[in-house]
Amino acid sequence: MSPGDHGTKAVPSYLAAEAETTPLPKITVPVAAPPASSSKGLGDLPMRVVYRVIAVAAGVVVVLGAGATVVLLNRGAPATTTAAPRHSAAAPASSAPASSAPGAAAPVAGAVATPGLSPLSSTGASATPSAAVSALASPVASADAVDPALAAALKDPRLPALPKDGRRLRRLPGRAAAAHGLIKDRRSGVALPRFTKTWALAKPAPFASRQLLPKAKGASYRGMLVSCPVPIPEQKTLRDTAFLAARWTLNHHPSGATITWTASQPIKAGERQGWLLGYTVHYTLKGKKRVSAAALALVDVPEMKPAVVFVTIPDSQKKRWHDINKVMSSVKAL
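First, a word on what this report is: a plain description of the structure on this page.

The rules behind the values
- Residues numbered from 1 in each chain as written.
- Predicted model: local features only at pLDDT ≥ 70, side-chain atom pairs only at ≥ 80, totals over all residues.
- Heavy atoms only, no water.
- Helix = DSSP H or I, 4+ residues; strand = E, 2+ residues; numbered from the N terminus.
- Buried < 20%, exposed > 50% of the residue type's maximum accessible area, 1.4 Å probe, protein only.
- Axes fitted to C-alpha atoms, helices over the stretch in contact; angles between N-to-C directions.
- Left-handed = near helix turned anticlockwise from the far one by under 90°.
- Contact = heavy atoms within 4.5 Å.
- Pairing = 2+ DSSP bridges.
- Core = buried A, V, L, I, M, F, W, Y, C linked by side-chain atoms within 4.5 Å.
- Phe/Tyr/Trp six-rings, centres within 6.5 Å; stacked < 30°, edge-to-face > 60°.

Another point: unusual backbone geometry. The step from A205 to P206 runs through a cis peptide bond, and the omega angle for that step is 10°. The backbone phi angle of K197 is positive, close to 60°, even though this residue is not glycine. By the secondary structure assignment, K197 is in the loop between β2 (190–195) and β3 (200–201). Classification of K197 by relative accessible area gives exposed; the value is 82%.

The following block contains the structure:
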């Protein structure tokens, strides 16, 4: 008999005890696949499937909740808000919202909303001064237009465009006439030379002051020096106002006169700023072409309209042309 082969004999008790403690082999029962048609309820599904469905559903709820929270938190952020529609500068201030957040700055009247940027704040900080200035300047820049009077002067064929700034008045021939002090034109707020002997004081109207040269033999036109508050619409710059004033002086020259420029420069009239224009006036008298040398100084006067000092001398009196240099170098604001 081979070892372990006991045949039909009784098994010893020590072997039987060991046999009772030997683990039984694991028996796996195959699970049948569910039918193709899903007609079973949730209770018929395996628990592991149910747990997975619940876990996925919970994850979706968490993601949606987080997204909703981000949207709600970012509703007030300037970078994500929709820009308010652009209003014109003429819109009344009452069109602003009636209420605002406590402690928020009041909106600036007339400010134009910039797309993508809150007019009152930036990302977590108040708007910078430069941004505020730009917002206030935008309507002004967009509404900027040339004054009708200046536009007409720019199209006037009698006046060419001004020369490059800094073109200085040249020294004119002759010697300056004797002068005694200054004429203080308080109506205009300016002082100018008071010439003696050669020039004579004349009735000022319609100007504030006026000096005249004597009539030249055979000439109907003579030299004139006047001052007055600028009689034309004041422009945004002294240069443009002076240009418009030079056009006005053609009313005091023979009909059909035209201008060519000889100077365009800023000047200092005492403590005030000014602008000087020098020019030659061309015209025809009795069939002959004639010219006059002319210049004007426009002076900025405190709390008043700018003052104009204008002098013109025809070629029949060209010995007095240097008086123009004397006048332009002596003008001062009072």
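Having seen it, we continue.
Interhelical geometry of helix α4 (residues 148–155) versus helix α5 (residues 238–249) gives an angle of 65° and a closest axis separation of 10 Å. Relative to α5, the crossing made by α4 is left-handed. Between α4 and α5, the contacting residues are A149, L150, A152, A153 and L154 on the first element and D240, F243, L244 and R247 on the second.

Of all eight residues in strand β9 (residues 307–314), eight are buried, a share of seventy percent or more. When strand β5 (residues 224–229) meets β9, the two strands line up antiparallel, connected through six bridges. Bridge assignment links C228 to a residue of β9, and that residue is V308. As paired strands, strand β8 (residues 288–299) and β9 are joined by eight bridges and run antiparallel to one another.

Turning next to the nonpolar core. A general trend in soluble globular proteins is that nonpolar side chains are found buried together. Counting residues in hydrophobic clusters, the biggest one holds 32 residues, and the most contacted among them are F243, W261, L277, Y279, V281, L296 and F310. Broken down by secondary-structure element, the contributors of at least two residues to this core are α4, β5, α5, β6 (258–269), β7 (272–285), β8 and β9. By residue number, the principal contributor to this core is α5, which donates six residues. Not counting the four nearest positions on each side in its chain, V281 is found in contact with L250, H253, A257, T258, R290, V291, S292 and A294. Of all hydrophobic cores here, the second largest spans 29 residues; its members include V190, A297, I324 and V331.

Pairing in this open sheet of seven strands is antiparallel, and the strands run β3-β4-β5-β9-β8-β7-β6 from one edge to the other. Taken across any chain shown, the strands that pair with only one partner, and hence form the sheet edges, are β3 and β6. Summarising the sheet, β7 and β8 pair through twelve bridges and their orientation is antiparallel. Its bridge partner lying in β8, T284 is registered against K289. The sheet contacts of α5 involve β5, β6, β7, β8 and β9, and relative to β7 the element is tilted by about 25°.

Attention shifts here to the packing of aromatic side chains. Applying the stated criterion to the full structure yields five aromatic pairs. Taking the centre distance of 5.6 Å and the plane angle of 25° together, the rings of F195 and W199 count as stacked. The burial state of F195 is the same as that of W199; both residues are buried. Centre to centre, the rings of Y221 and Y283 are 5.7 Å apart; their planes meet at 75°, and the pair counts as edge-to-face. With a gap of 62 residues between them, Y221 in the loop between β4 (209–212) and β5 and Y283 in strand β7 connect regions that are remote in the sequence. There is no split in this pair, since Y221 and Y283 are both buried. Through a chain of ring-to-ring contacts, the aromatic side chains of F243, W261 and Y279 assemble into a single cluster.

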